[in-house]
Amino acid sequence: MLQDVYVSKSFYCIGHTTTNCFDCKYCRAKNDKISVVTIPTDINTNFVNLPIAVNLFYGDPLLQPHLTESILHLLEFNKHKGPVLVVTKGDLSKFKMDFKDKFLDLHFAFSTFGIEHEYDKISAKNLISNLEFLEKKKLPYKKSIEFRPICYGINDSKETIESVFKI
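Residues numbered from 1 in each chain as written. Predicted model: local features only at pLDDT ≥ 70, side-chain atom pairs only at ≥ 80, totals over all residues. Heavy atoms only, no water.

Explain the overall build of the protein to me, and be specific about the residues and the numbers.
Of the regular secondary structure elements, the protein holds four helices and seven strands. Starting at the N terminus, the α and β elements of the protein follow one another as β-β-β-α-β-α-β-β-α-β-α. The burial tally for the protein puts 41% of its 167 residues in the buried class. Partitioning the intrachain contacts of the protein with sequence separation of at least 6 by distance along the chain shows that 67% fall at a separation of at least 24. (Helix = DSSP H or I, 4+ residues; strand = E, 2+ residues; numbered from the N terminus. Buried < 20%, exposed > 50% of the residue type's maximum accessible area, 1.4 Å probe, protein only. Contact = heavy atoms within 4.5 Å.)

Quick rundown of the pairing of strand β5 (residues 83–88)? Include the residues and the values.
Among the six residues of β5, five are classified as buried, and the element is accordingly described as predominantly covered. Sheet topology note: the strand β4 (residues 52–54)/β5 ladder contains two bridges and is parallel. Within the sheet, the bridge partner assigned to A53 lies in β5 and is L85. For β5 and strand β6 (residues 105–112), the ladder comprises six bridges, and the chain directions are parallel. Following the sheet pairing, V86 is matched in β6 by F108. (Pairing = 2+ DSSP bridges.)

An account of the pattern of salt bridges is needed here, citing residue identities and associated values.
In the structure shown here, the tally under the stated rule is three salt bridges. Between E146 and R148 there is a salt bridge, with its nearest N and O atoms 2.5 Å apart. Owing to a relative accessible area of 34%, R148 belongs among the partly exposed residues under this scheme. Residue E162 is joined to K158 by a salt bridge in which the shortest nitrogen-to-oxygen separation is 4.0 Å. Remark: K158 and E162 occur in helix α4 (residues 158–166); sequence separation between them is four residues, near one turn of the helix. (Salt bridge = Lys/Arg side-chain N within 4 Å of Asp/Glu carboxyl O.)

Quick one: what's the story with the nonpolar core, residue by residue and with numbers?
Across soluble globular proteins, you tend to see nonpolar side chains buried next to one another. Ranked by size, the top nonpolar core spans 27 residues in total, and within it V54, L72, L75, L92, L106 and F108 carry the most contacts. Looking at this core, the elements with two or more residues in it are β2 (11–16), β4, α2 (65–77), β5, β6 and α3 (123–137). (Core = buried A, V, L, I, M, F, W, Y, C linked by side-chain atoms within 4.5 Å.)

Pulling in residues and values, what's your account of the side chain of E69?
Among the structural elements, E69 can be located in helix α2. Overall, E69 belongs to the buried group, its relative accessible area being 13%. Residues contacting E69, with those up to four places away along its chain left out, are F95 and K96.

Dropping the structure here:
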């Protein structure tokens, strides 16, 4: 059963690699083929509190919304108590979130390059609209910003860094 486990950056990862993404030039995951669908409590009931990242492999979670939603519902059904993280640069307004009990400790980490650039054409546009969407809909989910990667001479200016930190 442990061969069905993938842990990265302190998160138990669950999801699938997809064939499409936002084609960010800095991506290192393009050749990875990973599929992990084992719910942590299926391995050990004590894993109910593990932090989980959903669809953190190649392919943004919001480019595979049905799979991301099904994993979140499965975690909710299994009464997972630990934080559940969705790292995305996709358009959150296209994601259908309908959790009956709002049981999950769900966090959205909005990945951003900080500027519009050929290396990353989408995240700067979606960051503000995603934050506004959560605010407008009064959705109770926690949110954070992942400013990454910082590339020397591209998005590392004082103005870019300050604008992201201000947000």
